[in-house]
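# A structural walkthrough
Okay, here's what each chain looks like letter by letter:
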Amino acid sequence: MFPCESLTLLIFFFSIQEEVTDMINKKYIEFIPSMEGAEELLDQVESVSKDIDLLKSCIENEVQQNLHDAVTEYAKLKQQLEKNTAVIDLLQHLQEFDTAIEEYHRALQEKNYVVAAKQHGKARASVNALKAWKDSELPLVRSLSSEITIQRENLIYHLGEEWQKLAVWKLPSTKTELTSVKSFLKTALHLNRGGSKGDESVPHALLPSILQALSIQGELHKKIKLFGQVLFKYMLKPLIIYPSLVVEVSSQAEQETVLSLQCTETKADHPDPSQVYTKVLTVLKTLHEHVFDGSIDEKKVSEILGDLIWEEMSECIIRECLVHSIPTNSSQLAEYSEVIKQTEDFEGSLKKMGYLAGDSADLLKYARNVNCHFASKKCQDVIVAARKLMTSEMHNTVKITPEYKLSIPKLPSPSGGEKERKESCKKSGHYDQQSLENEKQLSPSTLCLPVCRISESVHQLMDLAIQTLSEAVGSSPQCAVQLFYTVRNIFHLFYDVVPTYHKDNFLKLPHLAAIQHNNCMFIAHHLLTLGFQFKPHLPLKDGVAYFVDLVPGFRRLGARCFMAQMNIQKAEMLERLSTARNFSNLDDEDNYSVASKAVRQVIHQLRRLGKVWQDVLPVNIYCKAIGTLLNTAISELINKIMMLEDISNMDGERLRTLCQTITEEGPLVFNPLPDENKNKKYQEEVPVYVKKWMTLKEISMVLNANLQEIVDRWAEGKGPLALAFSCNEMKSLIRALFKNTERRAAALAKIVK
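Residues numbered from 1 in each chain as written. Predicted model: local features only at pLDDT ≥ 70, side-chain atom pairs only at ≥ 80, totals over all residues. Heavy atoms only, no water.

## Observations regarding the overall build of the protein
Per the secondary structure count, the protein includes 28 helices and 8 strands. Evaluated residue by residue, the protein yields a buried proportion of 42% over its 753 residues. Restricting to contacts in the protein with at least 6 residues of sequence separation, those with at least 24 account for 76%. (Helix = DSSP H or I, 4+ residues; strand = E, 2+ residues; numbered from the N terminus. Buried < 20%, exposed > 50% of the residue type's maximum accessible area, 1.4 Å probe, protein only. Contact = heavy atoms within 4.5 Å.)

Shown next as structure tokens:
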């Protein structure tokens, strides 16, 4: 108890302290005049003051001690009150836990899963509250925490058992490869709306109870996710991919429905959108009626499943079905509106059942964008077809004649503006027929390709380009532009792919090199006018080059390929001639035999090339090519002869024989046409294509002529010899053929220009 007496005394002392002090001061003043007994009075005052101070100190010490004791007592009582309150809370939580667990077990036994889940939640909340207590490490709390975990697993197990009874899967063996229709025929889904079989005590609302309880425990999403994965993999995806697979709905008991996959005969390679939509809706409607027609926390159960499978399912439908339903011809685009309507109805049915959110329309967006997809698919198909043609064999050829024209389909008439322009031109006299009649006309063969052979694949490639451009004419502007640039890409692809893919064959086979030359010239020729034929019908901006800009590149490509083959042939020819031992000392039989063999090998090589290129190259290109190669051989022979410093009579005779071999057999290699009679014309024109031909004839004459004949043929620098040789060359040849005599010196003096 608080010391009330000491406190009262202390208060009284403080209240009279001032009065006592004033009284002493007054007494002191009164006694000052008399000054008698003053010292005695002062001593008494000091004594009283000391007593007062002592009394004050005692009282203060006692009060402080009593205050400290009171505060300590108060703290102890407060701590005890807190402990008592915590114990009461602990006991209350334990009571709540016990009540919740008891209700949980009762509800679980009665299969009232929603109540069981809620009571388990209350018990878990009580345990969590106990864990927040400062002595949560008590064995009791650990035991309760373990118990709540065990009971949760027990509840989830019972819910899982009930869920499995609601939807029972029969799936193919795990060893079976899911690569064919037959591998999915064992797939079946048994749906039981009533839950446990033969249990009359189970209420009819067991399904919502199971779903609600799973949701409370946070397991519903996992269960539906796993169910959705199996549903898509073993049922929905096969139904989408395989046209012959259908779903059959049957009833085996009062509350049991079975979804099974069956096989039907069909010739379709890809599923039709309407069939796919029907099959998928059959499955999802059945599931909606038996399992997913309910709501959890204001969210439909079907919406949960839809959220989990829609993205993958829509991508599968687009990839396996809608992509293949895109028309391959622009004339079929109008009919595609039916597919758009079917897609819209399909997504509408899914939204009505809750599988699809209101703003989702992936399939419909894809279907409505058919023009873009048509263009993309068409472009892809065209590029694939073009690449296939480019990598095919080039041996098969078709003959091109001057009468050949591209097979361009009839295009719609130009726009009104074009018509008006033509009419205005006619009115203004730009087409004055009378003024044109008297003017010279171009030949019908002007700007026509010469007769040659091209690869059948290139002919088909050009037809493909024409067909694609024709498709562009009847398409939407966006599609038309895309198709136009796809045709340009075809030719870019040819430029890059063909020289690389067939590189080795072009170098090894002269026949293919000539065909590639013709192919490039054929493409370049038609690229000149191809753009202008379609320009009035394509929605392209002014300034577009169409195809004219590609022409020089193709011409260079063809020329480069053929020149590479020409260089190879030249190298082979020079290599053969290099074995002739410089055509020296031909009086030796061995040397003459080697030289004669080399010349005949060159003639044989030219004959073989002439046969290979016959009826393939245009006549003018053929003659130039053979003439160039023959000229190379003749130039090499002449150079070797001119380098000889001493030519004996036997050497001269045999060199002349070699030259005559070439002059006699050389023209016979000019056979550009299969008809021998028509080739005589080109054989007579050898000097036109072989620059050194007359030089060869002149040197052949010199090798068998005397000095006077040589001087006469020189004719003071105006004769045939002077046209073929320079003064120094002629003098060098005379010095090699004739001995140093006065006649030779006189002849040399006349070799001037």
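Right, picking up where we left off after that structure.
## Structural notes on the nonpolar core
By size, the foremost hydrophobic cluster in this structure holds 190 residues, and its most contacted members are F491 and W613. Among the elements that make up this core, the one with the highest residue count is helix α20 (residues 619-643) (12 residues). Of all hydrophobic cores here, the second largest spans 10 residues; its members include A100, I101, L130 and L144. (Core = buried A, V, L, I, M, F, W, Y, C linked by side-chain atoms within 4.5 Å.)

## Considering helix α5 (residues 206-216)
Along α5, the residues classified as buried are L206, L207, S209, I210, L211, A213 and L214. Buried residues along α5 sit against α3 (113-131), α4 (139-166), α6 (220-241), α7 (273-290), β5 (295-296) and α8 (301-325). Immediately beyond the C-terminal end of α5, within one or two residues, lies G218, with a positive phi of roughly 75 degrees.

## Some words on a nonpolar patch on the surface
Residues L528, F532 and V548 make up a contiguous nonpolar surface patch of roughly 250 Å² in combined accessible area. Secondary-structure assignment places V548 in the loop between α17 (510-534) and α18 (551-577). (Patch = residues over 30% accessible without salt bridge, like charges linked within 9 Å, V, L, I, M, F, W, Y side chains within 5 Å. Areas by Shrake-Rupley, 256 points an atom, 1.4 Å probe, with all protein chains shown as cover. Salt bridge = Lys/Arg side-chain N within 4 Å of Asp/Glu carboxyl O.)

## Topic: the pattern of salt bridges
Per the counting criterion, the structure on display carries 19 salt bridges. Among the salt bridges present, the one from E698 reaches R713, with a minimum N-O distance of 2.7 Å. Highlighted residues: E698 in helix α24 (residues 693-702) and R713 in helix α25 (residues 707-714), separated in sequence by 15 residues. You can call R713 partly exposed: its relative accessible area is 32%. Ionic contacts of the salt-bridge type, sharing partners, join the residues R152, E153, E219 and K222 into one network.

## Some thoughts on the side chain of R488
Structurally, R488 can be placed in helix α15 (residues 477-501). Judged by its relative accessible area of 12%, R488 is buried. Excluding its chain neighbours within four sequence positions, the residues that come into contact with R488 are Y546, F547, D549 and L550.

## Topic: the pairing of strand β2 (residues 188-192)
Most of β2 is tucked away: 5 of the 5 residues are buried. Neither face of β2 is open: one carries A188, H190 and N192, the other L189 and L191, and all of them are buried. In the sheet, strand β1 (residues 167-170) pairs with β2 via 4 bridges, with the strands oriented antiparallel. Following the sheet pairing, V168 is matched in β2 by H190. Pairing between β2 and strand β4 (residues 256-263): 5 bridges, direction antiparallel. Bridge pairing in β4 places A188 opposite S260. (Pairing = 2+ DSSP bridges.)

## Regarding the confidence of the model for the protein
Averaged over every residue, the pLDDT of the protein is 82; residues scoring 70 or more account for 86%. Every residue in residues 195-204 scores below 50 in pLDDT, and together they form 13 contacts with partners more than four places removed in sequence or on other chains. (pLDDT = per-residue confidence, 0-100.)

## Focus on unusual backbone geometry
Of note in this structure, F583 is not a glycine but carries a positive phi near 55 degrees. Residue placement: F583 occurs in the loop between α18 and α19 (589-613). Judged by its relative accessible area of 2%, F583 is buried.

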